[in-house]
Amino acid sequence: TTIVYEHADGSESTILAKPGDSVMRTAVLNNVPGIVAECGGNAMCATCHVYVAQIPGLPEVADAEDEMLDCTAAERGADSRLSCQLPAVDGLRVRIPETQT
Ligand code: FES
């Protein structure tokens, strides 16, 4: 399962994710910069914000995630998600915002 993280400077990190890990956890375990994840994955901090195109296999935005997405440091977009709420889906590309705090 491969995830591509696009950085604000245009560079990319391609990371092999372990099945069952979230997009946030995969980033943290692999030292991908730009995902802070202060709350440890509980949809309570909004510092794991990413922009992601909806692709098959991703869950819908749940109510708790939707509320937290109103608190992101970088502007919320139609494609904003909390990466702790996203399973590692093969071929996923996420864009990391310029700031999380
Ligand atoms: Fe805190 Fe995702 S890690 S909301």
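In case you missed it, the structure is sitting above this.
Now for a description of the structure that goes with this document. The shown structure was predicted, so the numbers you read here are calculated from the model rather than taken from an experiment. (Residues numbered from 1 in each chain as written. Predicted model: local features only at pLDDT ≥ 70, side-chain atom pairs only at ≥ 80, totals over all residues.)

Our focus in this paragraph is the overall build of the protein chain. When its secondary structure is counted, the protein chain shows two helices and five strands. Helices (α) and strands (β) of the protein chain occur, in sequence order from the N terminus, as β-β-α-β-α-β-β. In terms of overall size, the protein chain behaves like a compact globule, its C-alpha atoms giving a radius of gyration of 12 Å where 101 residues would be expected to give roughly 13 Å. Its C-alpha atoms give the protein chain principal-axis dimensions of about 30 × 30 × 25 Å. Buried residues in the protein chain amount to 30% of all 101 residues. For the protein chain, the share of sequence-separated contacts (at least 6 apart) that also reach a separation of at least 24 residues comes to 63%. (Helix = DSSP H or I, 4+ residues; strand = E, 2+ residues; numbered from the N terminus. Rg over C-alpha atoms; globule rule 2.2 N^0.38 Å. Buried ≥ 20, exposed ≤ 12 C-beta atoms within 10 Å, placed from the backbone. Contact = placed C-beta atoms within 7 Å.)

Attention now goes to the nonpolar core. Of all hydrophobic cores here, the largest spans 20 residues; its most connected members are I3, V23, M24, I35, C48 and V94. Broken down by secondary-structure element, the contributors of at least two residues to this core are β1 (2-6), α1 (23-29) and β5 (92-95). Discounting chain neighbours no more than four positions away, the residues touching I3 are I15, A17, V23, T26, A88, L92 and V94. (Core = buried A, V, L, I, M, F, W, Y, C linked by C-beta atoms within 7 Å.)

In this section: the sheet that holds strand β2 (residues 12-16). Taken together, five strands build an open sheet; the order of strands is β2-β1-β5-β3-β4 and the sheet is mixed. Each edge of the open sheet is held by one strand with a lone partner, namely β2 and β4 (80-82). Direction aside, neighbouring strands of the sheet carry axes that sit 35° apart on average. Where β1 lies against β2, five bridges are found, and the strand directions are antiparallel. Each residue of the ladder has a partner; that of Y5, found in β2, is S13. (Pairing = 2+ DSSP bridges. Axes fitted to C-alpha atoms, helices over the stretch in contact; angles between N-to-C directions.)

It is worth spelling out the pairing of β2 at this point. β2 sits mainly on the outside: zero of its five residues count as buried. Between β1 and β2, which pair antiparallel and follow one another directly, the connecting turn spans five residues, one of which, G10, has a positive phi of 95°.

The next subject is unusual backbone geometry. A positive phi angle is found at N31, which is not glycine, with a value near 55°. With phi around 65°, A46 is a residue other than glycine that occupies positive phi space. In this structure A46 comes out as buried when scored by C-beta crowding, with 25 C-beta atoms within 10 Å.

Turning our attention to the environment of E98. Turning to its location among the elements, E98 is positioned in the segment after β5. With 62 residues separating them along the chain, E98 and V36 place their C-alpha atoms 12 Å apart. Those residues within four positions of E98 in sequence are excluded, and the remaining contacts are A8 and A74.

Now for the pairing of strand β3 (residues 49-52). Looking at chain direction, β3 and β4 are connected through three bridges and run antiparallel. Residue pairing in the sheet places V50 in a bridge with R81 of β4. Across two bridges, the pairing between β3 and β5 is antiparallel. Looking across to β5, one finds that V52 is bridged to V94.

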